[in-house]
Amino acid sequence: MRRHLRSICGLAPALGGLLSAGAALAAPDAALQERLAPCIGCHGAGMSATEGVPSLGGQLPDYVVTQLFQFREKQREAPPMNEVAAGFSDDDLRSYADAVATLPPPAWSGPPADAALTARAQALVAKHQCNSCHGPDLAGRDAIPRIRAQREDYLAKALAGYKSNARPGYDPAMNEAAQGLSEADIKDLAAYVSRL
């Protein structure tokens, strides 16, 4: 299954060129759906069903443009995204970002976090001022990502990457914020935020 998803993702550069050339000929809704097809193949149509692959639904265009730019310029290493974005023009970056922004935000459908976890995680959110950047409901704003209802495994991996500096941000805010997090803190934050 994972190999199949990688194959779909690997088609994105070729599809991106074809879609850019053919977008003017297709109806707007059809062009949008075609443009999103490779993205949805890996990331889902709102909530990602693939371990380690983030949900794109609900992400704001400015955030997506920034990430695609970082992938294209290899400022952020994350195969296969570097290959996907390699051939994108600046117009392609904006087009894909605008298309991704139309996807519905992910929503947690399981039971809520238990009271003890909620209390610990809310204290961490307050201490590290997560709401000051990600918004009061953690749904993101401007070029700051939506983290609310993101995949738990992805949140934990991202926080660990920021803490170790293996994942550079486009500014150092997340790397700095993550320095004070323990492994238990990362686990609690990821579990809580993914269940919002």
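See above for the structure.
Just so it is clear, the structure is predicted and the values come from calculations on it, not from any experiment. (Residues numbered from 1 in each chain as written. Predicted model: local features only at pLDDT ≥ 70, side-chain atom pairs only at ≥ 80, totals over all residues. Heavy atoms only, no water.)

**Describing the nonpolar core**
Here is step 1 of the chain: Core analysis: the largest hydrophobic core is formed by 21 residues, its most contacted members being Leu181, Leu189, Tyr192 and Val193.
Here is step 2 of the chain: Going through the elements one at a time, helix 7 (115–127), helix 9 (152–164) and helix 11 (183–194) are the ones with two or more residues in this core.
Here is step 3 of the chain: The biggest single contributor to this core is helix 11, with six residues.
Here is step 4 of the chain: When near neighbours in sequence (up to four residues on either side) are disregarded, Leu189 contacts Ala121, Leu124, Val125, Leu159 and Leu181.
Here is step 5 of the chain: In terms of nonpolar packing, the next biggest core, distinct from the first, is built from 19 residues, Phe71, Tyr96, Ala99 and Leu103 among them. (Core = buried A, V, L, I, M, F, W, Y, C linked by side-chain atoms within 4.5 Å. Buried < 20%, exposed > 50% of the residue type's maximum accessible area, 1.4 Å probe, protein only. Helix = DSSP H or I, 4+ residues; strand = E, 2+ residues; numbered from the N terminus. Contact = heavy atoms within 4.5 Å.)

**Observations regarding the packing of helix 4 (residues 61–72) against helix 6 (residues 90–100)**
Each pair of packed helices can be summarised by the angle the axes make with each other and by the distance between the axes.
Here is step 1 of the chain: Contact geometry of helix 4 with helix 6 gives a least axis separation of 8 Å together with a crossing angle of 135 degrees. Regarding the angle of helix 4 to helix 6, the classification is oblique. In the crossing of helix 4 with helix 6, the sense of the turn from one axis to the other is right-handed. Contact residues: Pro61, Asp62, Val64, Val65, Leu68, Phe69 and Arg72 in helix 4; Asp90, Leu93, Arg94, Tyr96, Ala97, Asp98 and Val100 in helix 6. (Axes fitted to C-alpha atoms, helices over the stretch in contact; angles between N-to-C directions. Parallel < 35°, antiparallel > 145°, perpendicular 65-115°, else oblique. Left-handed = near helix turned anticlockwise from the far one by under 90°.)

**Details of unusual backbone geometry**
Here is step 1 of the chain: The linkage connecting Pro79 with the following residue, Pro80, adopts the cis geometry, with an omega of 0 degrees.
Here is step 2 of the chain: In this structure, Pro80 sits in the loop between helix 4 and helix 5 (81–85).
Here is step 3 of the chain: One non-glycine residue, Lys74, lies in the positive phi region at around 60 degrees.
Here is step 4 of the chain: As for its placement among the helices and strands, Lys74 is situated in the loop between helix 4 and helix 5.
Here is step 5 of the chain: Judged by relative accessible area, Lys74 falls into the exposed class, the value being 53%.
Here is step 6 of the chain: The phi torsion at Leu138 lies on the positive side, around 60 degrees, for a residue other than glycine.
Here is step 7 of the chain: Tracing the backbone through its elements, the reader meets Leu138 in the loop between helix 8 (130–134) and helix 9.

**Digging into helix 6**
Working note: α-helix, 3.6 residues per turn, so residues spaced by three or four point in the same direction.
Here is step 1 of the chain: Buried residues of helix 6: Asp92, Leu93, Tyr96, Ala97, Ala99 and Val100, and no others. One side of helix 6 holds all its buried residues, which, seen down the axis, span an arc of 160 degrees. In helix 6, the exposed residues that point more than 90 degrees away from the buried face are Asp90 and Asp91. (Arc of directions from axis to C-beta.)

**Let's talk about the packing of aromatic side chains**
Here is step 1 of the chain: Summed over the entire model, instances satisfying the criterion amount to one aromatic pair.
Here is step 2 of the chain: Consider the rings of Phe88 and Tyr96, whose centres lie 4.6 Å apart with planes at 15 degrees: the pair is stacked. You'll find Phe88 and Tyr96 in the same group, each marked buried. (Phe/Tyr/Trp six-rings, centres within 6.5 Å; stacked < 30°, edge-to-face > 60°.)

**Some details on helix 4**
Here is step 1 of the chain: In this model, helix 4 (12 residues) spans 16 Å end to end at C-alpha, consistent with the 16 Å of a helix rising 1.5 Å per residue.
Here is step 2 of the chain: For helix 4, the tally of buried residues reaches nine of 12 residues, placing the bulk of the element in the interior.
Here is step 3 of the chain: Taken residue by residue, helix 4 has Tyr63, Val64, Val65, Thr66, Gln67, Leu68, Gln70, Phe71 and Arg72 as its buried positions.
Here is step 4 of the chain: On the buried face of helix 4, the contacting elements are helix 5 and helix 6. (Expected span 1.5 Å × (residues − 1).)

Any link to function would need more than the numbers given here.
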